[in-house]
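# Observations on chain architecture
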Amino acid sequence: DAGITQSPRYKITETGRQVTLMCHQTWSHSYMFWYRQDLGHGLRLIYYSAAADITDKGEVPDGYVVSRSKTENFPLTLESATRSQTSVYFCASRTTGGSYNEQFFGPGTRLTVL
Amino acid sequence: QQQVKQSPQSLIVQKGGISIINCAYENTAFDYFPWYQQFPGKGPALLIAIRPDVSEKKEGRFTISFNKSAKQFSLHIMDSQPGDSATYFCAASIGGATNKLIFGTGTLLAVQP
């Protein structure tokens, strides 16, 4: 499928378990981002990546780990899930250059931590 | 100083009316102000964006008004339609290669037929 996809779309897990959310884009965009969306907080940046093997922290990185071995994939791992990480997670990507640097978002993963 | 404050939290407008959503920021280094539209179960999508060198940008029924001195910008939806019912996020970023977006808290718009 062309564009940006996320899997799984829905995930229920238990406190303390490790969870990995997948993100895949077919545009070969350099930049990729992970956000979490919570009511009253909007979208908050967790981690971002400028290219393969280059990642950096965003606003709320604690409890999350990312990697980017290939340009098209940017997985997000919750090493030991907590209830406060119950949220909707969005992956986004954008190319470099251009006048407005539009970010393209995936459909999201709804994660529930019990 | 990195925050973007958005209001109202929710908005109900009659079909054909004007929807207005406001945002304010503190960081004068911000130089890109996009609005994203999000339908239920979907990811946000860019609706319209503006840079601070212009005071207004219009695309169809959607207009951004930008007041640099007041550090405020707003989205106006003219002739609002039920299909416009969605959550709207304003955002801001500082230019450069990374261009990380700082989002507002969102406005849930309901357009009643």
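Refer to the preceding data block for the structure.
Below: a short report on this structure. Fair warning: this is a prediction, and the values are worked out from it, not measured in the lab.

## Quick word on the side chain of A:Asp38
All names here are of chain A.
- Take aspartate 38: it is sitting in strand 4 (residues 31-38).
- Within the structure, aspartate 38 has its side chain in polar contact with the side chain of arginine 36 (distance 2.8 Å).
- At a separation of 2.8 Å, a polar atom in the side chain of aspartate 38 contacts the side chain of serine 87.
- Those residues within four positions of aspartate 38 in sequence are excluded, and the remaining contacts are Arg44, Thr86 and Ser87.

## Overview of the layout of surface pockets
- Here the largest pocket defines a volume of roughly 590 Å³.
- Every residue lining the largest pocket is counted, 27 residues in all, and those nearest its centre are A:Gln37, A:Val88, A:Arg110, B:Gln38 and B:Thr87.
- For the lining of the largest pocket, the secondary-structure elements that each account for two or more residues are strand 4, strand 9 (87-94) and strand 11 (109-113) of chain A together with strand 9 (86-93) and strand 11 (107-112) of chain B.
- Across the lining of the largest pocket, the residue classes tally to 10 nonpolar, 13 polar and 4 charged.

## Section: the interface of chain B and chain A
- Opposite the 22 residues of chain B that make contact, chain A presents 21 residues.
- Inspection of the region where chain B meets chain A yields 0 salt bridges.
- Across the contact surface, chain B and chain A share 3 residue pairs in polar contact (both at pLDDT 80 or more).
- Every element with two or more residues in the side of chain B that touches chain A is listed here: strand 4 (33-38), strand 5 (45-50) and strand 10 (101-103) of chain B.
- If you tally residues by element for the side of chain B that touches chain A, the top one is strand 5 of chain B, at 3 residues.
- For the side of chain B that touches chain A, the per-class residue count stands at 10 nonpolar, 8 polar and 4 charged.

## Remarks on the nonpolar core
- Of all hydrophobic cores here, the largest spans 24 residues; its most connected members are B:Val4, B:Phe33, B:Trp35, B:Phe73, B:Leu75, B:Tyr88 and B:Leu109.
- For this core, the secondary structure elements donating two or more residues are strand 2 (10-14), strand 3 (19-25), strand 4, strand 5, strand 7 (62-67), strand 8 (72-77), strand 9 and strand 11 of chain B.
- Sort the elements by how many residues they give to this core and strand 9 of chain B lands first, with 4 residues.
- Once you skip the residues sitting within four places of it in the chain, B:Leu75 turns out to touch B:Ser19, B:Ile20, B:Ile21, B:Trp35, B:Leu47, B:Ile48, B:Phe62, B:Thr63 and B:Tyr88.
- Ranked by size, the runner-up nonpolar core spans 19 residues in total, among them A:Trp34, A:Ala81, A:Leu111 and A:Val113.

## Some points on a nonpolar patch on the surface
- A contiguous nonpolar patch, built from B:Ile18, B:Ile20 and B:Met78 and spanning about 240 Å² of accessible area, is present on the exposed surface.
- The topology assignment puts B:Ile18 in the loop between strand 2 and strand 3.

## So, the state of the cysteines
Residues and elements named next belong to chain B.
- Enumeration over the complete set of coordinates arrives at 2 disulfides over all chains.
- A disulfide bridge connects cysteine 23 with cysteine 90, and the sulfur atoms are separated by 1.9 Å. In this structure, the disulfide formed by cysteine 23 and cysteine 90 twists by about -95° around the S-S bond and is classed as left-handed. In this pair, cysteine 23 is assigned in strand 3 and cysteine 90 in strand 9, connecting sequence segments 67 residues apart. Across the pair, cysteine 90 and cysteine 23 agree in class, each one buried.

What counts, and at which threshold
Residues numbered from 1 in each chain as written. Chains lettered and ligands numbered in written order. Predicted model: local features only at pLDDT ≥ 70, side-chain atom pairs only at ≥ 80, totals over all residues. Heavy atoms only, no water. Helix = DSSP H or I, 4+ residues; strand = E, 2+ residues; numbered from the N terminus. Polar contact = N/O pair within 3.5 Å; in protein donor to acceptor, adjacent residues only side chain to side chain. Contact = heavy atoms within 4.5 Å. 1 Å grid on protein atoms, 1.4 Å probe; cavity = no way out; pocket = protein on both sides within 12 Å on 5 of 7 lines; lining within 4 Å. Points joined across faces, edges and corners; volume = space filled by probe spheres on them. Nonpolar A, V, L, I, M, F, W, Y, C, P; charged D, E, K, R; others polar. Salt bridge = Lys/Arg side-chain N within 4 Å of Asp/Glu carboxyl O. Core = buried A, V, L, I, M, F, W, Y, C linked by side-chain atoms within 4.5 Å. Buried < 20%, exposed > 50% of the residue type's maximum accessible area, 1.4 Å probe, protein only. Patch = residues over 30% accessible without salt bridge, like charges linked within 9 Å, V, L, I, M, F, W, Y side chains within 5 Å. Areas by Shrake-Rupley, 256 points an atom, 1.4 Å probe, with all protein chains shown as cover. Disulfide = S-S within 2.5 Å.

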